[in-house]
Amino acid sequence: MSSLAMKQDPSNFDVSRIRQDFPILSREVHGKPLVYLDTAASAQRPLAVIEAVEDFYKNHNANVHRGVHLLSQEATDLYEQARLDLARYINAGSDREIVFTRGTTEAINLVAQAYARPLLKEGDEIIVSRMEHHSNIVPWQLVCEQTGATLRVAEINERGEIILDQLEAMLSERVKLIGVVAVSNALGTINPVSEITAMAAKFGIPVLVDGAQAMPHTKVDVKALGCDFFCMSGHKMYGPTGIGALWAKKDHLEAMPPWQGGGEMIRQVSFDRTVYNDVPAKFEAGTPNIAGAVGLGAAVRYLEGVGMENIAAWEQHLLQVGTERFQQIDGLRIIGTAKHKASVISFTLEGVHPHDLGTVIDHYGIALRTGHHCTMPAMDFFGVPATARASFGLYNTPEEIEAAAGAIEASRKMFV
Ligand code: PMP
């Protein structure tokens, strides 16, 4: 993934033009220009997304799939167009392989409950890595409690990389699924997903990829990754909140029982026998987040328009500038120094609690995330309860990095 980024020249990237697409970036915070370095938590939305959602509500709003009237047909077409957009974007075999969910968390829970739970039994194993987000840990703990299966942990090294030969040594016929994050939100590590799927394939083990942070930073091709399940969130990729998707191989989706019951997921209901709908409707019970899907489709088209290779190259440039500059700050320790990283810099500052740092630099207009980033096991590994995290999106600039670095230095002087 990162080698793709290196081929592009970041100097061709017109970031000031890009910034005009994001109205929120021109606002002030505490009287200072907003410097938004929290894209890994939630990205800002371009006008293309805001306007698509607005247009939906102003001109096409109705429920999907059930109506014969024109508005319902338009709403259905827009909703299904978003599925097509997403399928094309990640190189899915078909749009029928895309299930809309609330986001990554719901997508993983869906797989845990509808795929894993029916097949797991005592003695079976699920493997996840130590750097996983809680949303790729807790659903597996729940399903292990429900079935008697065991959750095992693939360890990481001091740079924050999965130790691949240890992972390989853990594989056996007992392992029924590997869950791995493509890009770590806390450490920035880009994991070698294709290598992991190739290892898993030798034992016929399916792989679920938490793609929440991969989608905004890199070109994702689910076929090339060789995974079985890929989970994503709209709001991490410049789309709306409350919408995301599960991509899964069609054979899996067809074999899986429904997860939630309700309208839309059925073909016929009687008290004697209920017949389920085809995939993906089988997994979309109830009225979906239609406007959210429409906004997500617009986000996909926006990213395609800018070009993922250009975005990745620009973000690699920001990562390099940010890493070099932050390393000059006294007492700053970068947590997560993998060889292949996305534009995320987690750090601690000697003598300053991350929450205090976050609060102080907010007054400089700088939005950083502080905390455990929903990755407590990874924090434990590095012996820290929390970090501060600067994450860069396609709209960030080296000048903003300099402003953040200056504010971090000024804050440190207040505490140390
Ligand atoms: N995985 C990763 C790597 C994430 O960064 C996040 C969000 N912080 C999630 C999963 C969960 O995503 P969501 O809250 O959108 O379901």
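Above this note sits the structure.
Report follows, based on the coordinates. None of the values given here were measured: they were computed from a predicted structure.

Overview of the overall build of the protein
Then, number 1: Scanning the protein for helices and strands turns up 15 helices and 17 strands.
Then, number 2: For 416 residues, the compact-globule estimate of 2.2 N^0.38 gives 22 Å, and the C-alpha radius of gyration of the protein, at 22 Å, lies within 12% of that figure.
Then, number 3: Along the three orthogonal principal directions, the C-alpha set of the protein runs to about 70 × 55 × 35 Å.
Then, number 4: Counting all 416 residues of the protein, 57% fall into the buried class.
Then, number 5: The long-range share in the protein, meaning contacts at least 24 apart out of those at least 6 apart in sequence, stands at 72%.
Then, number 6: Looking at the protein as shown, the accessible area adds up to about 17000 Å², and 51% of this sits on carbon and sulfur atoms.

Points about the sheet that holds strand β9 (residues 229–233)
Then, number 1: Strands sit in the order β4-β10-β9-β8-β7-β5-β6 across an open sheet of 7 strands; the sheet is mixed. The sheet is open, and its two edges are formed by β4 (98–101) and β6 (150–154), each paired on a single side. Ignoring strand direction, the axes of neighbouring strands in this sheet form an average angle of 20°.
Then, number 2: Of the pairings in the sheet, the one linking β4 to strand β10 (residues 244–248) comprises 4 bridges and is antiparallel in character. Within β10, the position partnered with Val 99 by the bridge is Leu 246.
Then, number 3: Helix-sheet contacts for helix α6 (residues 138–147) involve β5 (125–129), β6, β7 (175–181) and β8 (207–210), and the interaxial angle to β6 is about 145°.

Brief notes about the site of the ligand
Then, number 1: Around the ligand, a shell composed of Thr 104, Thr 105, His 133, Ser 135, Val 181, Asn 185, Asp 210, Ala 212, Gln 213, Ser 233, His 235 and Lys 236 is seen.
Then, number 2: Taking His 133, its side chain carries an N or O atom lying 3.3 Å from a nitrogen atom of the ligand.
Then, number 3: One nitrogen or oxygen atom from the side chain of Ser 233 is found 2.7 Å from an oxygen atom belonging to the ligand.
Then, number 4: In this structure, the ligand is accommodated by the largest pocket.
Then, number 5: Looking at the shell around the ligand residue by residue, the class counts come to 2 nonpolar, 8 polar and 2 charged.

Focus: the pattern of salt bridges
Then, number 1: All told, the structure shown has 26 salt bridges when counted by the stated rule.
Then, number 2: Residue Arg 159 is joined to Glu 161 by a salt bridge in which the shortest nitrogen-to-oxygen separation is 2.7 Å.
Then, number 3: The class of Arg 159 is partly exposed, set by a relative accessible area of 42%.
Then, number 4: Arg 325 serves as the salt-bridge partner of Glu 402, at 2.8 Å between the closest nitrogen and oxygen. With Glu 402 in helix α15 (residues 398–415) and Arg 325 in helix α12 (residues 308–327), the pair connects residues that are 77 residues apart, well separated along the chain.
Then, number 5: For Arg 325, a relative accessible area of 13% gives the class buried.
Then, number 6: If you follow the salt bridges from partner to partner, you end up with Glu 80, Arg 83, Asp 95, Arg 96 and Glu 284 in one network.

A look at the sheet that holds strand β17 (residues 387–391)
Then, number 1: Read across the open sheet, the 4 strands follow the order β13-β14-β17-β16; overall the sheet is antiparallel. Of all the strands in the sheet, the pair left with one neighbour each is β13 (332–335) and β16 (369–371). Here the strands of the sheet are splayed against their neighbours by 30° on average, with no regard to which way each runs.
Then, number 2: Judged from the 3 bridges that link them, β16 and β17 form a sheet pairing that is antiparallel. Bridge pairing in β17 places Thr 370 opposite Ala 388.
Then, number 3: Contacting β13, β14 (344–349) and β17, α12 runs over the sheet at an angle of about 10° to β14.
Then, number 4: Across the sheet, helix α13 (residues 354–362) is in contact with β14, β16 and β17; its angle to β16 comes to roughly 155°.

Observations regarding the packing of helix α3 (residues 47–60) against helix α11 (residues 290–306)
Then, number 1: Interhelical geometry of α3 versus α11 gives an angle of 145° and a closest axis separation of 8 Å. Read as a crossing pair, α3 and α11 show a hand that is right-handed. Where α3 approaches α11, its residues Ala 48, Val 49, Ala 52, Val 53, Phe 56 and Tyr 57 are matched on the opposing element by Ile 290, Ala 291, Val 294, Gly 295, Ala 298, Ala 299 and Tyr 302.
Then, number 2: For the contact of α3 with α11, a count of residues per class yields 12 nonpolar, 1 polar and no charged.

Side note on the environment of Gly 331
Then, number 1: Looking at where Gly 331 falls in the secondary structure, it is placed in the loop between α12 and β13.
Then, number 2: Note: C-alpha distance between Gly 331 and Gly 351 (20 residues apart in sequence) is 8.0 Å.
Then, number 3: Gly 331 has contacts with Thr 348, Leu 349, Glu 350 and Arg 412, leaving out every residue within four places of it along the chain.

Calculation notes
Residues numbered from 1 in each chain as written. Predicted model: local features only at pLDDT ≥ 70, side-chain atom pairs only at ≥ 80, totals over all residues. Heavy atoms only, no water. Helix = DSSP H or I, 4+ residues; strand = E, 2+ residues; numbered from the N terminus. Rg over C-alpha atoms; globule rule 2.2 N^0.38 Å. Buried < 20%, exposed > 50% of the residue type's maximum accessible area, 1.4 Å probe, protein only. Contact = heavy atoms within 4.5 Å. Areas by Shrake-Rupley, 256 points an atom, 1.4 Å probe, with all protein chains shown as cover. Pairing = 2+ DSSP bridges. Axes fitted to C-alpha atoms, helices over the stretch in contact; angles between N-to-C directions. Near = heavy atom within 4 Å. Polar contact = N/O pair within 3.5 Å; in protein donor to acceptor, adjacent residues only side chain to side chain. 1 Å grid on protein atoms, 1.4 Å probe; cavity = no way out; pocket = protein on both sides within 12 Å on 5 of 7 lines; lining within 4 Å. Sits in = over half its atoms within 2 Å of the grid points. Nonpolar A, V, L, I, M, F, W, Y, C, P; charged D, E, K, R; others polar. Salt bridge = Lys/Arg side-chain N within 4 Å of Asp/Glu carboxyl O. Left-handed = near helix turned anticlockwise from the far one by under 90°.

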